[in-house]
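Fold and contact review
Residues per chain, in single letters:
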Amino acid sequence: NAGVTQTPKFQVLKTGQSMTLQCAQDMNHEYMSWYRQDPGMGLRLIHYSVGAGITDQGEVPNGYNVSRSTTEDFPLRLLSAAPSQTSVYFCASSYSSSLDSPLHFGNGTRLTVT
Amino acid sequence: KNQVEQSPQSLIILEGKNCTLQCNYTVSPFSNLRWYKQDTGRGPVSLTIMTFSENTKSNGRYTATLDADTKQSSLHITASQLSDSASYICVVSAEYGNKLVFGAGTILRVKS
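Notes on the structure in this doc start here. (Residues numbered from 1 in each chain as written. Chains lettered and ligands numbered in written order. Predicted model: local features only at pLDDT ≥ 70, side-chain atom pairs only at ≥ 80, totals over all residues. Heavy atoms only, no water.)

A word on the overall build of chain B. Across its full length, chain B holds zero helices and eleven strands. When the helices and strands of chain B are read in sequence order from the N terminus, they spell out β-β-β-β-β-β-β-β-β-β-β. Relative to a compact globule of 112 residues, whose C-alpha radius of gyration would be 13 Å, chain B shows 14 Å and is just as compact. Projected onto the principal axes, the alpha-carbon positions of chain B cover approximately 45 × 25 × 20 Å. For chain B, the accessible surface area stands at approximately 5,600 Å², while carbon and sulfur atoms represent 48% of it. (Helix = DSSP H or I, 4+ residues; strand = E, 2+ residues; numbered from the N terminus. Rg over C-alpha atoms; globule rule 2.2 N^0.38 Å. Areas by Shrake-Rupley, 256 points an atom, 1.4 Å probe, with all protein chains shown as cover.)

Counting residues at the interface gives 16 residues for chain A and 21 residues for chain B. With both chains or domains summed, chain A and chain B bury close to 1,400 Å², and 53% of this area falls on carbon and sulfur atoms. Counting every contact that joins chain A to chain B gives zero salt bridges. Of the residues assigned to the side of chain A that touches chain B, the class counts are eight nonpolar, seven polar and one charged. (Contact = heavy atoms within 4.5 Å. Buried area = accessible area lost by both parts, 1.4 Å probe. Salt bridge = Lys/Arg side-chain N within 4 Å of Asp/Glu carboxyl O. Nonpolar A, V, L, I, M, F, W, Y, C, P; charged D, E, K, R; others polar.)

Here, the word disulfide means a covalent bond between the sulfur atoms of two cysteines. In this structure the tally under the stated criterion is two disulfides over all chains. The disulfide partner of Cys23(A) is Cys91(A), and the S-S distance across this bridge is 1.9 Å. Between Cys23(A) and Cys91(A), the disulfide has an S-S torsion of -70° and is therefore left-handed. One end of the pair, Cys23(A), is in strand E3 (residues 19-25); the other, Cys91(A), is in strand E9 (residues 87-94), with 68 residues separating them in the sequence. Cys91(A) shares its class with Cys23(A); the two are buried. Linked covalently through their sulfurs, Cys23(B) and Cys90(B) form a disulfide whose S-S length is 2.0 Å. Residues Cys23(B) and Cys90(B) are joined by a disulfide whose S-S torsion is about -65°; by sign, that bridge is left-handed. Here Cys90(B) lies in strand E9 (residues 86-94) and Cys23(B) lies in strand E3 (residues 19-25), a separation of 67 residues in the sequence. (Disulfide = S-S within 2.5 Å. Buried < 20%, exposed > 50% of the residue type's maximum accessible area, 1.4 Å probe, protein only.)

Time to look at the environment of Thr56(B). Residue and element names in this part refer to chain B. The residue Thr56 is located in strand E6 (residues 56-59) in this model. Residue class for Thr56 comes out exposed when judged on its relative accessible area of 51%. The sequence separation of Thr56 and Arg109 amounts to 53 residues, and the corresponding C-alpha distance is 24 Å. If we skip the residues at most four places from it in the chain, Thr56 touches Met50, Thr63, Ala64 and Thr65.

Here the focus is the sheet that holds strand E8 (residues 72-77) of chain B. Residue and element names in this part refer to chain B. Reading across from one edge, E1-E3-E8-E7-E6 is the order of the five strands in this open sheet, with antiparallel pairing throughout. What marks the edges here is a single partner per strand, and that holds for strand E1 (4-7) and E6. Between one strand axis and the next, the sheet turns through 15° on average, direction left out of account. With six bridges connecting them, E3 and E8 associate as antiparallel partners. The partner of Leu21 across the bridge, within E8, is Leu75. (Pairing = 2+ DSSP bridges. Axes fitted to C-alpha atoms, helices over the stretch in contact; angles between N-to-C directions.)

Moving on: the nonpolar core. Grouped together as the largest cluster of nonpolar side chains are 26 residues, with contacts concentrated most on Val4(B), Tyr25(B), Leu33(B), Trp35(B), Leu75(B), Tyr88(B) and Val92(B). Where this core is concerned, the elements lending two or more residues are E3, strand E4 (30-38), strand E5 (45-51), strand E7 (62-67), E8, E9 and strand E11 (106-111) of chain B. Looking at this core, the element that brings in the most residues is E9(B), giving five residues. Counting 18 residues, the second-largest nonpolar core is a separate cluster that includes Met19(A), Leu21(A), Tyr64(A) and Ala81(A). (Core = buried A, V, L, I, M, F, W, Y, C linked by side-chain atoms within 4.5 Å.)

For the rest of this paragraph, the subject is the side chain of Gln6(A). All names here are of chain A. Within the secondary structure layout, Gln6 lies in strand E1 (residues 4-7). Taking the relative accessible area as the measure of exposure, Gln6 reaches 8% and is therefore buried. Side-chain polar atoms of Gln6 contact the backbone oxygen of Tyr89, separated by 3.0 Å. In terms of polar contacts, Gln6 uses its side chain to reach the backbone amide nitrogen of Gly108, at 3.1 Å. Excluding anything up to four places from it in sequence, Gln6 contacts Gln22, Trp34, Tyr89, Phe90, Cys91, Gly106, Asn107, Gly108 and Thr109. (Polar contact = N/O pair within 3.5 Å; in protein donor to acceptor, adjacent residues only side chain to side chain.)

Okay, structure coming up:
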């Protein structure tokens, strides 16, 4: 099993550009989520999904869109990149949305917006 | 407000020594607490989970404790190795709203 795969690993965007961060998991997990990690702060939830066709907003959803057309894939779209979106983005999946299930994280995408 | 505070922010120890990382939380009502290890350039990986009724749990050289009364947890690393160099993140689950609250992490560096 590859686990959770994120692409690309690094990305530089100019302000106003759009892009999609890819996330795929091969563990048949129902729950998937996107986090951003900034220096000195805990991981913050952007969007999450409890199954194909179902998505919901997390703590910091503004400027991001998601969709979940399959169980395996959960892409994150930046509509119009801003310098405040410079961060490391992590995709995570879990067997269920139960608080007892551990999150399985990808290795992150480091995004810089200039 | 639900918060998780970790201390120290960073720590440097010599290989073979022990260390203890602290996690204080104000999350209520409490469901469980999980410790993750995050190697540089990688995503976090779960080390252990503590539920309300558990006081101590070990995973190899890692031992987690939980005091639900004082809302404190610790992660003790015994006989540290260079591979223990990482960020250790404490995550507390709130029972209502299915919410995870992440600490900012403690950066541990083990020197030879």
